[in-house]
Amino acid sequence: DGGITQSPKYLFRKEGQNVTLSCEQNLNHDAMYWYRQDPGQGLRLIYYSQIVNDFQKGDIAEGYSVSREKKESFPLTVTSAQKNPTAFYLCASKGRENEQFFGPGTRLTVL
Amino acid sequence: AQKITQTQPGMFVQEKEAVTLDCTYDTSDQSYGLFWYKQPSSGEMIFLIYQGSYDEQNATEGRYSLNFQKARKSANLVISASQLGDSAMYFCAMMDRGVSYDKVIFGPGTSLSVIP
């Protein structure tokens with residue numbers, strides 16, 4: 001089945017640690033996105049990538065980093081510089097009709 | 001700056017009734033796209049409907065329709081014959097064609113509760 005997978009579903013991190021969230025898609029989409037969602041709020045764009053080896057900062061990129069070495073993969077690293085990383089993280093890719101397809105999300109908790 | 005406003009934090013609707021979720025947007029671009037997504041309590045985001053700024057007809061997808069009023073910059077979602085499974089958060093979003101990249105911004109969302 002075509003779709004987007006994110007792993008892990010739940011992630012716990014100690015303060016000061018870097019963690020990497022996985023996002024893989026087999027939809028052959030060029031554009032991919034990372035969003036952060038805090039409880040009761042909408043989505044905020046962290047990073048986006050239109051093509052392999054290229055990505056742009058979104059509205060809240062500080063404390064995060066990404067890479068796009070393969071079309072299928074767009075991992076997000078939450079660094080120790082991110083002051084309040086506890087949130088729900090959603091990865092998406094953009095389809096031919098411009099709609100975004102989302103993965104199931106990763107809930108990150110800092111202990 | 002582009003912005004999406006959803007003024008209804010929470011809505012209630014009786015099962016089998018229709019409901020309208022409001023969305024207004026602000027952009028100076030002529031070419032843009034508007035979307036609605038549903039987010040159940042599980043957290044997944046489900047694409048519902050899309051309207052392009054040059055589309056003359058209002059978009060429809062099954063029980064969902066988008067009431068697009070370009071001059072008023074509104075893109076309200078209408079759900080007909082509400083079902084209990086429609087209880088969820090609903091987000092309006094806009095695709096902004098930036099200088100080089102397509103960027104999507106989301107509104108704050110409306111929580112819909114369907115009452116039996």
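All of the points below concern the structure found in this document. (Residues numbered from 1 in each chain as written. Chains lettered and ligands numbered in written order. Predicted model: local features only at pLDDT ≥ 70, side-chain atom pairs only at ≥ 80, totals over all residues. Heavy atoms only, no water.)

1. Examining the overall build of chain B
Consideration 1: Of the regular secondary structure elements, chain B holds zero helices and 12 strands.
Consideration 2: Ordered by position from N to C terminus, the α and β elements of chain B give β-β-β-β-β-β-β-β-β-β-β-β.
Consideration 3: Its C-alpha atoms give chain B a radius of gyration of 14 Å, within 12% of the compact-globule value 13 Å for 116 residues.
Consideration 4: Structurally, chain B occupies a C-alpha span of about 45 × 30 × 20 Å along its principal axes. (Helix = DSSP H or I, 4+ residues; strand = E, 2+ residues; numbered from the N terminus. Rg over C-alpha atoms; globule rule 2.2 N^0.38 Å.)

2. Points about the state of the cysteines
All names here are of chain A.
Consideration 1: If you walk through the whole model with that rule in mind, you get two disulfides over all chains.
Consideration 2: Cys 23 shares a disulfide with Cys 91; S-S distance 1.8 Å. Judged by the sign of its S-S torsion, about -70 degrees, the cystine formed by Cys 23 and Cys 91 is left-handed. Of this pair, Cys 23 sits in strand β3 (residues 19–25) while Cys 91 sits in strand β9 (residues 87–94), and the two are 68 residues apart along the sequence. (Disulfide = S-S within 2.5 Å.)

3. With respect to a nonpolar patch on the surface
Consideration 1: Nonpolar side chains collect at one region of the surface, where A:Tyr10, A:Phe12 and A:Leu111 lie side by side and expose about 380 Å² of accessible area between them.
Consideration 2: Positionally, A:Leu111 belongs in the segment after β11 (106–110). (Patch = residues over 30% accessible without salt bridge, like charges linked within 9 Å, V, L, I, M, F, W, Y side chains within 5 Å. Areas by Shrake-Rupley, 256 points an atom, 1.4 Å probe, with all protein chains shown as cover. Salt bridge = Lys/Arg side-chain N within 4 Å of Asp/Glu carboxyl O.)

4. Some remarks on the interface of chain B and chain A
Consideration 1: Contacts between the two partners involve 19 residues from chain B, matched on the other side by 21 residues from chain A.
Consideration 2: Overall, the association of chain B and chain A removes approximately 1700 Å² of surface from exposure, summing both partners, and the carbon and sulfur fraction of that is 56%.
Consideration 3: Across the contact surface, chain B and chain A share zero salt bridges.
Consideration 4: Scanning the region where chain B abuts chain A turns up two residue pairs in polar contact (both at pLDDT 80 or more).
Consideration 5: Mapped by element, the contributors of at least two residues to the side of chain B that touches chain A are β5 (32–39), β6 (46–52), β10 (88–97) and β11 (102–106) of chain B.
Consideration 6: For the side of chain B that touches chain A, the leading source of residues is β11(B), giving four residues.
Consideration 7: Residues belonging to the side of chain B that touches chain A are distributed by class as follows: 11 nonpolar, five polar and three charged. (Contact = heavy atoms within 4.5 Å. Buried area = accessible area lost by both parts, 1.4 Å probe. Polar contact = N/O pair within 3.5 Å; in protein donor to acceptor, adjacent residues only side chain to side chain. Nonpolar A, V, L, I, M, F, W, Y, C, P; charged D, E, K, R; others polar.)

5. Focus: the packing of aromatic side chains
When we look at a pair of aromatic rings, we describe it by the centre distance and by the angle of the planes.
Consideration 1: This structure, assessed with the given rule, holds 14 aromatic pairs over all chains.
Consideration 2: Note on A:Phe102 and B:Tyr37: the rings are 5.4 Å apart at their centroids and 85 degrees apart in plane angle, and the pair reads as edge-to-face. Of this pair, A:Phe102 sits in strand β10 (residues 100–102) while B:Tyr37 sits in strand β5, which puts the two residues in different chains. Taken individually, A:Phe102 and B:Tyr37 each receive the classification buried, so the pair is uniform in this respect.
Consideration 3: Between A:Phe102 and B:Phe106, the ring centres sit 6.1 Å apart and the planes meet at 75 degrees, which makes this aromatic pair edge-to-face. Taken together, the residues span two chains, with A:Phe102 in strand β10 and B:Phe106 in strand β11. Here A:Phe102 and B:Phe106 have matching classes, each one buried.
Consideration 4: For A:Arg68, the ring lying beneath its charged end belongs to A:Phe74, and the centroid distance is 5.9 Å.
Consideration 5: A cation over an aromatic ring shows up here: A:Arg107 above the ring of A:Phe88, its NZ or CZ 4.2 Å from the ring centre. (Phe/Tyr/Trp six-rings, centres within 6.5 Å; stacked < 30°, edge-to-face > 60°. Buried < 20%, exposed > 50% of the residue type's maximum accessible area, 1.4 Å probe, protein only. Lys NZ or Arg CZ within 6 Å of the ring centre and 35° of its normal.)

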